[in-house]
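Chain residues, written in single-letter form:
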Amino acid sequence: MTTSKTDSIGRARRLLPALLIAGALVAIWQSYVVVSGVRPQVLPSPARVLTQGWSHRVDIAGHAWSTLQVTMVGFAVSLALAWALAIVVDFSPWLRRAFVPLFVVSQTLPIIAIAPLMIIWFGFGLLPKILVIALVTFFPVAIGLLEGFAAADREAGALLRSMGASRWQQFRYVRLPSALPRFFTALRIGITYAVVGAVFAEYVGATSGLGIYMSTQKNSFRTDLVLAAVVVTAALSLLLYALTFVVERMVAPWALTRSER
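Just so it is clear, the model here is predicted, and its values are computed rather than measured.

Enquirer: Hey, could you run me through the overall build of the chain in this one?
Expert: Secondary structure summary: the chain contains 11 helices and zero strands in total. Listing every helix and strand of the chain by position from the N terminus yields α-α-α-α-α-α-α-α-α-α-α. Burial analysis of the chain (261 residues in total) assigns 38% to the buried set. Summarising the internal contacts of the chain: among those between residues at least 6 apart in sequence, 72% fall at separations of at least 24. In the structure as shown, the chain presents an accessible area of about 15,100 Å², 70% of it carried by carbon and sulfur atoms.

Enquirer: Honestly, the nonpolar core in this entry has me stumped. Any pointers?
Expert: Across soluble globular proteins, nonpolar side chains have a tendency to be buried as a group. Among the nonpolar cores identified, the biggest contains 28 residues, and Phe75, Val141 and Phe183 are the most heavily contacted of them. Of all the secondary-structure elements, those providing two or more residues to this core are helix H3 (57-90), helix H4 (93-106), helix H6 (126-150) and helix H8 (167-204). For this core, the element with the highest residue contribution is H8, accounting for 10 residues. Not counting residues up to four positions away in its chain, the partners in contact with Val141 are Phe75, Leu79, Ala82, Phe183 and Ala186. Membership of the second largest hydrophobic core comes to 12 residues, among which are Ala64, Val199, Leu225 and Ala229.

Enquirer: How should the pattern of salt bridges be read in this particular structure?
Expert: Any two side chains of opposite charge can pair, so long as their charged atoms come close to each other. Applying the stated criterion to the full structure yields four salt bridges. Between Asp224 and Arg48 there is a salt bridge, with the nearest N and O atoms lying 3.1 Å from each other. Taken together, the positions of Asp224 in helix H10 (residues 223-251) and Arg48 in helix H2 (residues 46-55) put the pair 176 residues apart, joining distant regions of the chain. Among the residues examined, Arg48 registers a relative accessible area of 33% and is labelled partly exposed.

Enquirer: So what exactly am I meant to see when it comes to the UniProt feature "transmembrane region" (unreviewed entry) in the chain here?
Expert: UniProt records the feature "transmembrane region" (unreviewed entry) at residues 64-88, 100-124, 130-152, 191-213 and 225-247, using the numbering of this structure. Span residues 191-213 is 78% helix and 0% strand, its end C-alpha atoms 21 Å apart. Regarding residues 225-247, the helix share stands at 100% and the strand share at 0%, and the terminal C-alpha atoms are separated by 33 Å.

Enquirer: What is the right way to read the environment of Ala27 from this model?
Expert: If you trace the backbone, Ala27 turns up in helix H1 (residues 2-36). Distance in space between the C-alpha atoms of Ala27 and Pro46 is 8.5 Å, their sequence separation being 19 residues.

Enquirer: Could you clarify how one ought to interpret the confidence of the model for the chain in this entry?
Expert: Reading fine detail from the predicted coordinates is not recommended where pLDDT is low. Predicted confidence across the chain gives a mean pLDDT of 82, with 90% of residues reaching 70 or more. No element of the chain has a lower mean pLDDT than helix H11 (residues 253-259), which averages 59, and none a higher one than H2, which averages 92.

Criteria and thresholds
- Residues numbered from 1 in each chain as written.
- Predicted model: local features only at pLDDT ≥ 70, side-chain atom pairs only at ≥ 80, totals over all residues.
- Heavy atoms only, no water.
- Helix = DSSP H or I, 4+ residues; strand = E, 2+ residues; numbered from the N terminus.
- Buried < 20%, exposed > 50% of the residue type's maximum accessible area, 1.4 Å probe, protein only.
- Contact = heavy atoms within 4.5 Å.
- Areas by Shrake-Rupley, 256 points an atom, 1.4 Å probe, with all protein chains shown as cover.
- Core = buried A, V, L, I, M, F, W, Y, C linked by side-chain atoms within 4.5 Å.
- Salt bridge = Lys/Arg side-chain N within 4 Å of Asp/Glu carboxyl O.
- UniProt positions renumbered as here; feature names shortened; annotations may be inferred.
- pLDDT = per-residue confidence, 0-100.

Take a look at the structure:
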């Protein structure tokens, strides 16, 4: 109990500098709007963003739920593909040489050009958004897994081979545990990209979601509601980012403990 309380206090202290900077930036923003008298259509105050966002909370929450659903489905597809290909590639040096350059090339494709094409090819349904999210998040997860597999303890692998362990047993008991810390690091990067990818795909074309909500409000010159949706998007990203630590603590607590030292 005492250890848990101490850990919570330690995490709160680590967050304090970021919270102070964020608070200072919001105060400067509020002061500038009040002093300059800039129109709300151009730059609303933080207070107006919060009040208007709260007034439209039902609409925003509905669109946020749609974005969250798309994000989770798309990221789940990306994770499944990344794990499957990373394991296959790890078992074959030839496939590593063939696929890794393709993984890198996939990240050179401009999403701003690909997303509209996905809408043209597959319509306004769920599929194009899933594809955009998978394209955005696949690379960090797959590369994190491959680097984690490659960083496995060679001596431990040699010991298992000397004991007659199969290639799969070596993978299960040495390479897989070794890859988990890097995987969760890549997971945290990927999950934030997933939210951004979902919003961008919705912005290009969708019937619901924070992206289409921001586009609609922008066309109505409701900058305050656009920024309110941006705040909700950031909150979703932070929530999913924090959940990765919860999952890591359940799956690989040794890795999290080591990273917190």
